[in-house]
Amino acid sequence: CVSFEISHACDPVPRRPHSPANPPTSEASNQRKNKMSGVASHKKVFEDISKGDKKLKKGSTVVKDPLARTKLLGSVKKSTKLKKVSKPNAGLSRAQKHAFNRARAEKKGESFVEKLDEEGLRFFNHVTDQKFSDQAIAFLNAYWHEVGSQADFIYSVAWDTFKYADMHARGINYVHKYKQGSKLEFDIGLYFYERLCKFLGESKNKQWKDEKFAVSQPKLMTAVARKKELRLIDVNFDNQMAMIEYLLYQYREFANPSDFVTRAMSQDEHPEVRKARLALEEVNRRIQAYEAEKQRLTDESKKSGVKGLTAKNMLAQLEAGPLWEKLQAALITAEAAVRIATKKYGGGKFISDGKSSGKAIGSNQGSIWWLNRDLAEKKKKYGRRAKK
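Quick caveat, the model's predicted, so the values are computed rather than measured.

**Student:** I would appreciate a short explanation of the layout of surface pockets in the present structure.
**Tutor:** Taken as a whole, the largest pocket holds about 1,400 Å³ of empty space. Contributing to the lining of the largest pocket are 37 residues, with Trp159, Lys163, Val175, Asn284 and Lys378 lying nearest its centre. For the lining of the largest pocket, the secondary structure elements donating two or more residues are α6 (132–142), α8 (151–170), α13 (271–301) and α16 (365–382). The element best represented in the lining of the largest pocket is α16, accounting for nine residues.

Dropping the structure here:
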């Protein structure tokens, strides 16, 4: 008893023996134990990696849970640079890819300058290599529903001005010596717009300033601004302006290069329409031969003496000669071919036999309209005159 009292007398605070019912509750002790257990755990992981006995599992970067994905995206900082990934190409048709690209481009306001893929650019270059009239027909076939009401303007004003600018560039003064081109250099492109604006500004051409042709009328601008615009018009970056490029840019409210390629690649020319077109080309050749002879005799008739008198006599009889008769025969053949094509396929779609170009379905509304209009213009100028 005495020894017990003495030992407790030395302690400032009475102590109680530890028991399972009364464990130590010191906060510092708990932290120390947790720290030690954490170190031991890390040490064990490091030893396992060093031994190489255990293989680490590859974690997946795909977040399948919608809630987890939302949390993950919400934690990404705005300044974080994300890697660009390409859209999936497998299982998508060309039309589906185009629809995706167009929707994205329109959202950015860049639908006209949307980049063409390799196949599309190759087809577009093929179109720009064709003569002006064929480019215009391809455009009308693709966008007849949207711009069919502007066909008169495209034929009578835009196409005519394109040819005039091209003749100016080549130094050609007579129509019968001119062969249609396919592109204009940028400098001539500026001249084209200058000529077009001047034409529309003349009072005698006020019919083309009508409200119904408002979408076809070019915007007035300075030469510097026009040069910048030509850079946008130049879809294939060849420093030239093809008629199809001009048309796509002028009617960019409805059209753009990528959309045109998608539409035009699904079209084909029906054999009857091709036959009518070739018949009209024969008429053009006959007209050129007739006009060349007429110009030669006109120049000869200005000379004095027997040569001049002989030329005047031949000029008076030119419309009764063989060149005129061949021209009339070509007109009759072309008229019949255009009538058949219009009756059978005017404005309709057809299924190709796959022998011409392998394309499945095509629309000829623009082609039929152009052929009828071109035939009417030729008959008006070179058709048989009524006998008085």
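**Student:** Explanation requested: helix α10 (residues 223–233) in the structure shown.
**Tutor:** For an α-helix, 3.6 residues make a turn, and residues three or four places apart therefore share a direction. Buried within α10 are the following residues: Arg226, Glu229, Leu230 and Ile233. Around the axis of α10, the buried residues are gathered within 105° of arc, so they sit on the same side. Facing away from the buried surface of α10 by more than 90 degrees, the exposed residues are Val224, Lys228 and Arg231. Considering only its buried residues, α10 is in contact with α9 (186–201), β2 (240–242) and α11 (243–250).

**Student:** Help me understand the packing of aromatic side chains, please; the structure alone is not making it clear to me.
**Tutor:** Tallied over the full model, the rule gives 20 aromatic pairs. Consider the rings of Tyr155 and Trp369, whose centres lie 6.1 Å apart with planes at 80°: the pair is edge-to-face. You can see Tyr155 sitting in helix α8 and its partner Trp369 sitting in helix α16, a full 214 residues away along the chain. Given the relative accessible area of 21%, Trp369 is considered partly exposed. Taken together, Phe132, Phe162, Phe192, Tyr193 and Tyr246 form an aromatic cluster joined through their ring pairs. Sitting above the plane of the Tyr164 ring, Arg195 keeps its charged end 3.9 Å from the centroid. The ring of Tyr249 carries Arg252 above its face, with NZ or CZ at 4.0 Å from the centroid.

Calculation rules
- Residues numbered from 1 in each chain as written.
- Predicted model: local features only at pLDDT ≥ 70, side-chain atom pairs only at ≥ 80, totals over all residues.
- Heavy atoms only, no water.
- 1 Å grid on protein atoms, 1.4 Å probe; cavity = no way out; pocket = protein on both sides within 12 Å on 5 of 7 lines; lining within 4 Å.
- Points joined across faces, edges and corners; volume = space filled by probe spheres on them.
- Helix = DSSP H or I, 4+ residues; strand = E, 2+ residues; numbered from the N terminus.
- Buried < 20%, exposed > 50% of the residue type's maximum accessible area, 1.4 Å probe, protein only.
- Arc of directions from axis to C-beta.
- Contact = heavy atoms within 4.5 Å.
- Phe/Tyr/Trp six-rings, centres within 6.5 Å; stacked < 30°, edge-to-face > 60°.
- Lys NZ or Arg CZ within 6 Å of the ring centre and 35° of its normal.

Don't take any of this as a statement about function, it's just geometry.
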